Amino acid sequence: MPTRDEIFDKVKAVLVDALAVDEEQVTPRATLVGDLGAESIDLLDIAFRLEKAFNIKIPRDELVPMDILSNEQYVRDGRVTPEGIAELRRRMPYANLDEFAANPVVQDFVNLLTVGDMCRYVEGKLAATV
């Protein structure tokens, strides 16, 4: 299994290539959407590139579980309910959801995912295949 530094380097290369950003911009705390300018179509491309780079399978809605955000069971009046936050935490153990949970506006969710989250996600996928 690759080290954390090796995983970060590969994730960084994927993001630099997919988003046409400078390497210096890709830091563990950089957000994919807010800092690196990713759009929803880019997230699909990034998932595909990560699959190839790490020889893993990323099921739809696993990396970014958008299905939760469109489910009336978990969203009311444009905000994620406590049940929805619990489901996001269960499905996204690699992401720090504390800040989002404090003000869970659905529209703000896409600004959550960081480069570090992506690295932890890949690390978890690789550990599960060992």
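All figures in this text were calculated on a predicted structure; none of them were measured in a lab.

Section: the environment of Leu32
Move 1: Position of Leu32 among the secondary structure elements: in the loop between helix 1 (4–19) and helix 2 (40–54).
Move 2: A relative accessible area of 0% places Leu32 in the buried class.
Move 3: Put simply, Leu32 and Leu113 are 81 residues apart on the chain and 6.1 Å apart in space, counted from C-alpha to C-alpha.
Move 4: Contacts of Leu32, omitting those with residues within four sequence positions, involve Leu15, Gly37, Ala38, Leu43, Leu113, Val115 and Met118.

A few points about the nonpolar core
Move 1: If you look at the biggest cluster of nonpolar residues, it comprises 41 residues, and the most contacted ones within it are Val11, Leu15, Leu36, Leu50, Leu88, Val115 and Val122.
Move 2: For this core, the elements supplying multiple residues, two or more each, are helix 1, helix 2, helix 3 (66–69), helix 4 (82–91) and helix 6 (115–129).
Move 3: If we skip the residues at most four places from it in the chain, Val11 touches Leu50, Phe54, Val115, Met118, Cys119 and Val122.

Let's talk about the pattern of salt bridges
Move 1: Inspection of every chain in the model, using the stated rule, returns 9 salt bridges.
Move 2: With a shortest N-O distance of 2.9 Å, Glu62 and Lys125 are connected by a salt bridge. With Glu62 in the loop between helix 2 and helix 3 and Lys125 in helix 6, this pair connects stretches of sequence that are 63 residues apart.
Move 3: Glu62 gets classed as partly exposed once you look at its relative accessible area, which sits at 26%.
Move 4: We classify Lys125 as buried; its relative accessible area is 19%.

Some words on a negative patch on the surface
Move 1: A contiguous patch of negative charge on the surface is contributed by Asp5, Glu6, Asp9, Asp22, Glu23 and Glu24.
Move 2: In this structure, Asp9 sits in helix 1.
Move 3: What makes Asp9 partly exposed here is its relative accessible area of 47%.

What to know about the packing of helix 1 against helix 6
Move 1: Taken N-terminus to C-terminus, the directions of helix 1 and helix 6 make an angle of 120°; their axes are 9 Å apart at the nearest point. What the angle tells us is that helix 1 and helix 6 run oblique. Crossing angle aside, the handedness with which helix 1 passes helix 6 is right-handed. Along its contact with helix 1, which presents Arg4, Ile7, Phe8, Val11 and Leu15, the element helix 6 presents Val115, Met118, Cys119, Val122, Glu123 and Leu126.

Quick look at helix 4
Move 1: Of the residues making up helix 4, those classed as buried are Gly84, Ile85, Glu87 and Leu88. The buried residues of helix 4 all sit within an arc of 160° when viewed along its axis, so they share a single face. Turned more than 90 degrees off the buried face of helix 4, the exposed positions are Pro82 and Arg90.
Move 2: Buried positions along helix 4 lie against helix 3, strand 2 (79–80) and helix 5 (98–102).

Side note on the packing of helix 1 against helix 2
Helix-helix packing is described using two parameters, namely the angle between the two axes and the distance between the axes.
Move 1: Their axes nearest at 10 Å, the elements helix 1 and helix 2 cross at an angle of 140°. The pairing of helix 1 with helix 2 is recorded here as oblique in orientation. Considering the relative orientation of helix 1 and helix 2, their crossing is right-handed. Residues Ile7, Lys10, Val11, Val14, Leu15, Asp17, Ala18 and Leu19 of helix 1 pack against Asp42, Asp45, Ile46, Arg49, Leu50, Ala53 and Phe54 of helix 2.

Criteria and thresholds
- Once a new chain begins, its residue numbering starts again from 1 and follows that chain's sequence as written.
- Per-residue local features of the predicted model are confined to residues with pLDDT of at least 70, and side-chain atom pairs are confined, for both listing and counting, to 80 or more; whole-chain, interface and lining totals are unaffected and use all residues.
- With hydrogens and water stripped out, all remaining heavy atoms of the structure feed into the side-chain values.
- Helix numbers and strand numbers start at the N terminus; a helix is a DSSP run of H or I with at least 4 residues, a strand a run of E with at least 2.
- Exposed residues in this analysis have more than 50% of their type's maximum accessible area, buried residues have under 20%, and partly exposed residues fall in between, with area computed by a 1.4 Å probe over protein chains only.
- Here, two residues are considered to be in contact whenever any of their heavy atoms come within 4.5 Å of each other.
- Buried residues of nine kinds, namely Ala, Val, Leu, Ile, Met, Phe, Trp, Tyr and Cys, make up a nonpolar core once their side-chain atoms join them within 4.5 Å.
- Whenever Lys or Arg places a side-chain nitrogen within 4 Å of a carboxyl oxygen from Asp or Glu, that contact is recorded as a salt bridge.
- Nonpolar side chains (Val, Leu, Ile, Met, Phe, Trp, Tyr) are joined into patches within 5 Å and like charges within 9 Å, using only residues with over 30% relative accessible area and no salt bridge.
- We get accessible surface area from the Shrake-Rupley algorithm with a probe of 1.4 Å; when it comes to residues, only the shown protein chains can shield them.
- We score Asp and Glu as negative and Lys and Arg as positive, and we do not count His or the chain ends.
- The location of each charge is read from NZ of Lys, CZ of Arg, CG of Asp or CD of Glu.
- Fitted lines through C-alpha atoms serve as axes, helices being fitted only where they are in contact, and the angles separating the N-to-C directions of these axes extend from 0 to 180 degrees.
- Here the angle decides the label: under 35 degrees means roughly parallel, over 145 means roughly antiparallel, 65 to 115 means roughly perpendicular, and every other value means oblique.
- Handedness of a crossing follows from how the near helix is turned relative to the far one, being left-handed for an anticlockwise turn of less than a right angle and right-handed for a clockwise one.
- This arc corresponds to the set of directions leading from the helix axis out to the C-beta atoms.

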